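The residues making up each chain are set out below.
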Amino acid sequence: MLKLPRNLSSISNRALFIFGLLATLLIQAAVPFLTVPTFGPALWATGFSQSFINESIFSIYARNFGLPEAAPIAFGLAGVWPAGLLIKLGLHPAEAYTTMAALWSVLGFSSAYLIGRHFSLSPKISTLAAVTWGTMPIIWINSGYTMTSIAMALFPFYILSVLHLFNSKPSPGRPWSKTIKTASLYLLACLISVFMDGYTFIMFAVGSSIFAAVTFIQDKSARTWLLTRAIPIHIVSFGLCYYLYTIYIGKSDFPQSGIAYIRSNGIDLSFFLIPPRGVHWLMDSLGLSIQRSEHQFFGNSTTWRASFCAPIILGSIWAVWTLRLKKSHTLALALCMLFGLYMSLGPSLRINSKRPEIHRNSVAMPAEDAIMPTGSAFISQHLPGFKHMRVPNRWLILGLAGSWGLILLASSTEGRRTKITGICFLGAVTLLNLPNIPRKLKYDISQREQFHRIERDFIGDLSRGVLEGEKVAFLPWGNDFLVNYAAARLKIATYNIGGDKNLIMARKHWPLSMRQFQKERPRGDILMEEFPEGTANPNTLINIAYLLETEDADAVVLPYVDLLWAAHGWPAPLKLRNNITPILEALEGYESIKVSNYDYYSTIRLSSKSSKGATKEIVKKIGAPLVSLPIFTEGWYGYEHNKNSKWRWSSGNSELLILSYDTGPIEVEVSFSIQSISERELRITGPSEELLFHSDNLRETVHVKIPRLVLKPGVNSLTFNTSTPPPEHPSDSRKLAFRVIDFSTYEVERSPLNTSQ
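Please read these numbers as outputs of a predicted model, since none were measured by experiment.

Q: Please provide a residue-by-residue account of the overall build of the protein, values included.
A: When you go through the protein residue by residue, the secondary structure sums to 27 helices and 18 strands. For 757 residues, the compact-globule formula gives about 27 Å, and the C-alpha radius of gyration of the protein, at 29 Å, lands near that figure. When its C-alpha atoms are laid out on the principal axes, the protein stretches across 95 × 60 × 60 Å. Taking all 757 residues of the protein together, the buried fraction comes to 59%. Partitioning the contacts of the protein with sequence separation of at least 6, the portion at a separation of at least 24 is 76%. Within the structure as shown, the protein displays about 30300 Å² of accessible surface, and the carbon and sulfur contribution to it stands at 58%. Separation between the mean location of the 71 positive side-chain charges and that of the 54 negative ones in the protein comes to 15 Å.

Have a look at this one:
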């Protein structure tokens, strides 16, 4: 079964293995006390690690952020939990993260070596094969996606478990002994995979299923073993592990991305053939690379930075020609290669397809900007597991695994010329994939320095303004990467959380006092209605007071830095200070409110525990209505506007909440417009489930006016129900059903206008 390499009998073999391993760890920036593979995502991940061990070494839920529920980590439990143990042993989180990454990389490297030995390669060639895999750019370029990178480095471990399962036969004397060991290894691999990264878990499932099918077809003598043991072990292992994941997360169906967004993150064929500048050291030196950027191409930078693979694809073509299906596994590896490459293209074929000027700021790629469909759109939209893989370029790792395995398999043939050719391909792929090592090392060292500096600067400063055990709200909220780390290190509790999937899960359980604040980022721009520059939004003053007065928070922290991007580069500019200052100046004039200013943030508290009436004090002084802004809950997209109007799109059935601060019923006039992209049926019901609006064929813009809507004290809801699914929009990845435009409320008696969206 899987063991650390034992076939290193000579000193030279051992030395080469150790040198190759250290070189691989250096390229992957997994050298403890020297580098960190990534800065911001490592902060996010070790926030979970720290929070776990704040409670217990057995805890797998974070209780310092993502309140009020205990927060599971959406992916990466297999990484952050071991990192928590290392923190408990005394390591700084930066060193704990790097050590954890190094340990998993060692397992991946050793597994790659053992695959070479499984294919009867010599120890030296097996070490070279392990280095070839470990230095693949797709691994170290994806380090910014934390566990995805680690899972890619671990892929040989998954392959090794597949080879053991589908190549095993029961021992004559002990028929179940080998089965139990093989099943245990396979189940362990599935368990690590599902709790490490969802993308590679699906790829592991696809690759292993291909191996099972091909082995069944090609090897008649193995069919009894496959049908009675291997395939049941395969199905039960994946099914059980997926079930355990859904039990842990508590949610098995995250929102899907539109096909236009998926299309934008597919790989252009030219990316396979021509390397990007700044990644491959030798190709840069020879002048054979070209400059690419997000202004030229759709997708994020990993789409083209990690996609050059012409040398290894060429090697796999040579391997298939050499083997001609004479060896077992040839067909399975070839199918893995082809399927991985095919899926990595995304739903449309692109050949040097540039981004038009009209779509310069769009994250979605219209179909007309590509050449033709690839046919994978149905898979990406409808098949379980596949439909949540919004970044198809990551499928390349399965294609590379198949290509790498084919070269190893061909290198194991008896012909001397074939062996030499295989070694040359492995060496060439490794050499061409190497980055500019001094420049990369300098960058990786700086990542670690930023990690330690943000601990000294921001965490040290925050410790002056908040107390251990306090419930703190960071406003305005968003995808707050830095909060995970700060809250866990200072042992405070907060509603905020980093990670888009984690934010979706946590936000469902937030109190209304917290959900009032919404930090919106439509199309990449930060639009802060609650905190505009130069003026204090009166609704924001009221909402902060209400949040404190309801005791949903002991303190409100208004950071001057962006809590997402500050975690990706430190020191960070204090770019939110101008937005925060008017709020602070306005609140300093109220007796019931206490404002304290620090280097990177300000805190707002009630002036004493017994301070009550802060909300009414502010309402009375500024003459504001006792009715909140509309609160758009699940089902709504971000706030958008132009010079004349402001609106929010809905994906379908959705709810809008209005909060009344009065002690008794209050009558308001509600006014808004509503528009649908396609003809649809729509019903709007009020707080008492009364029908406020109904249309069987809504299409054009319709103005809705409700002259007297009775609101009770506290929460009141308007419910929007439609039975018509949203259509696909060619230039927008969102599911757009209808939009609400210029929502406003008038108090019938007091009559001040509240028109904020």
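Q: Hey, could you go over the sheet that holds strand β8 (residues 631-632) for me, with residue numbers and the actual values?
A: Spatially, the five strands line up as an open sheet ordered β8-β11-β16-β13-β14, and their pairing is antiparallel. The open sheet is flanked by β8 and β14 (691-698), the only strands paired with a single partner.

Q: Explain unusual backbone geometry residue by residue, including any values.
A: If a residue is not glycine, its phi is most likely negative; likewise, a peptide bond is most likely trans. A cis amide bond links L67 with the next residue in sequence, P68, at an omega value of 5 degrees. With an omega dihedral of 5 degrees, the bond running from W570 to P571 counts as a cis peptide bond. In this fold, P571 is placed in the loop between β5 (555-559) and α26 (577-587). Although it is not a glycine, H329 adopts a positive phi angle of roughly 85 degrees. Within the secondary structure, H329 sits in the loop between α16 (310-323) and α17 (330-344). Positive phi, normally seen in glycine, also occurs at N352, with a value near 55 degrees. Among the structural elements, N352 can be located in the loop between β1 (348-349) and β2 (372-373). Its relative accessible area of 42% is what places N352 among the partly exposed residues.

Q: Which residues make up the pattern of salt bridges, and what values do they have?
A: Taken as a whole and judged by the stated rule, the model has twelve salt bridges. The residue D444 makes a salt bridge to K440 at a minimum N-O spacing of 2.9 Å. One end of the pair, D444, and the other, K440, are both in helix α21 (residues 437-462), four residues apart, so they sit about a helical turn from each other. For the pair D444 and K440, a shared accessibility class is recorded, and that class is buried. A salt bridge links D461 to R464, with the shortest nitrogen-to-oxygen separation between them at 2.5 Å. Each member of the salt-bridge network shares a partner with another, and the members are D461, R464 and D599.

Q: Describe the packing of helix α4 (residues 93-118) against helix α8 (residues 155-167), naming the residues involved and giving the relevant values.
A: At their nearest, the axes of α4 and α8 sit 7 Å apart, and the two run at 40 degrees to each other. The angle between α4 and α8 falls in the class oblique. With respect to the hand of their crossing, α4 and α8 are arranged in left-handed fashion. Residues L107, G108, S111, A112, L114, I115 and H118 of α4 pack against P156, F157, I159, L160, L163 and N167 of α8. Residues of the contact of α4 with α8, tallied by class, amount to nine nonpolar, four polar and no charged.

Q: Account for the packing of aromatic side chains, naming residues and giving values.
A: For the structure shown, the criterion picks out 38 aromatic pairs. Pairing Y61 with Y248 gives two aromatic rings, centres 5.0 Å apart and planes at 45 degrees, and the pair type is tilted. A residue pair is termed long-range when its members are at least 10 positions apart, and Y61 in the loop between α2 (40-55) and α3 (77-88) and Y248 in helix α11 (residues 223-249) qualify at 187 residues. Aromatic rings pair up to connect F155, F157, Y158, F166, Y186, F201, F204 and F238 into one cluster. Note that R223 overlies the ring of F216, its terminal NZ or CZ placed 5.0 Å from the centroid.

Q: Lay out the packing of helix α10 (residues 198-218) against α11 with the relevant residues and their values.
A: In the contact formed by α10 and α11, the axes pass within 11 Å of each other and the chain directions differ by 170 degrees. Looking at the two axes, α10 sits roughly antiparallel to α11. Residues F201, F204, A205, S208, S209, A212, T215, F216 and I217 of α10 form the contact with α11, whose own contacting residues are R223, L226, L227, I231, H234, F238 and Y242. Residue classes in the contact of α10 with α11 are distributed as eleven nonpolar, four polar and one charged.

Q: Any details on the sheet that holds strand β4 (residues 493-494)? Residues and values, ideally.
A: One key point about sheets: their strands pair by backbone hydrogen bonds, in either a parallel or an antiparallel sense. Here five strands make up an open sheet; going across it, the order is β4-β3-β5-β7-β6 and the pairing mixed. Pairing within the sheet leaves two strands with one partner each, and these edge strands are β4 and β6 (593-597). Where strand β3 (residues 471-474) and β4 come together, two bridges link them in parallel fashion. If you follow V472 over to β4, its bridge partner there is T494.

Q: An account of the pairing of strand β10 (residues 646-650) is needed here, citing residue identities and associated values.
A: The element β10 is largely enclosed, with a buried count of four among its five residues. Following strand β9 (residues 636-641), the chain reverses through four residues before pairing antiparallel with β10. As judged from the four bridges shared by β10 and strand β17 (residues 738-747), these two strands associate in the antiparallel manner. Its bridge partner lying in β17, W647 is registered against I741.

Conventions adopted
- Residues numbered from 1 in each chain as written.
- Predicted model: local features only at pLDDT ≥ 70, side-chain atom pairs only at ≥ 80, totals over all residues.
- Heavy atoms only, no water.
- Helix = DSSP H or I, 4+ residues; strand = E, 2+ residues; numbered from the N terminus.
- Rg over C-alpha atoms; globule rule 2.2 N^0.38 Å.
- Buried < 20%, exposed > 50% of the residue type's maximum accessible area, 1.4 Å probe, protein only.
- Contact = heavy atoms within 4.5 Å.
- Areas by Shrake-Rupley, 256 points an atom, 1.4 Å probe, with all protein chains shown as cover.
- Lys, Arg positive; Asp, Glu negative; His and termini not counted.
- Charge placed at Lys NZ, Arg CZ, Asp CG, Glu CD.
- Pairing = 2+ DSSP bridges.
- Salt bridge = Lys/Arg side-chain N within 4 Å of Asp/Glu carboxyl O.
- Axes fitted to C-alpha atoms, helices over the stretch in contact; angles between N-to-C directions.
- Parallel < 35°, antiparallel > 145°, perpendicular 65-115°, else oblique.
- Left-handed = near helix turned anticlockwise from the far one by under 90°.
- Nonpolar A, V, L, I, M, F, W, Y, C, P; charged D, E, K, R; others polar.
- Phe/Tyr/Trp six-rings, centres within 6.5 Å; stacked < 30°, edge-to-face > 60°.
- Lys NZ or Arg CZ within 6 Å of the ring centre and 35° of its normal.

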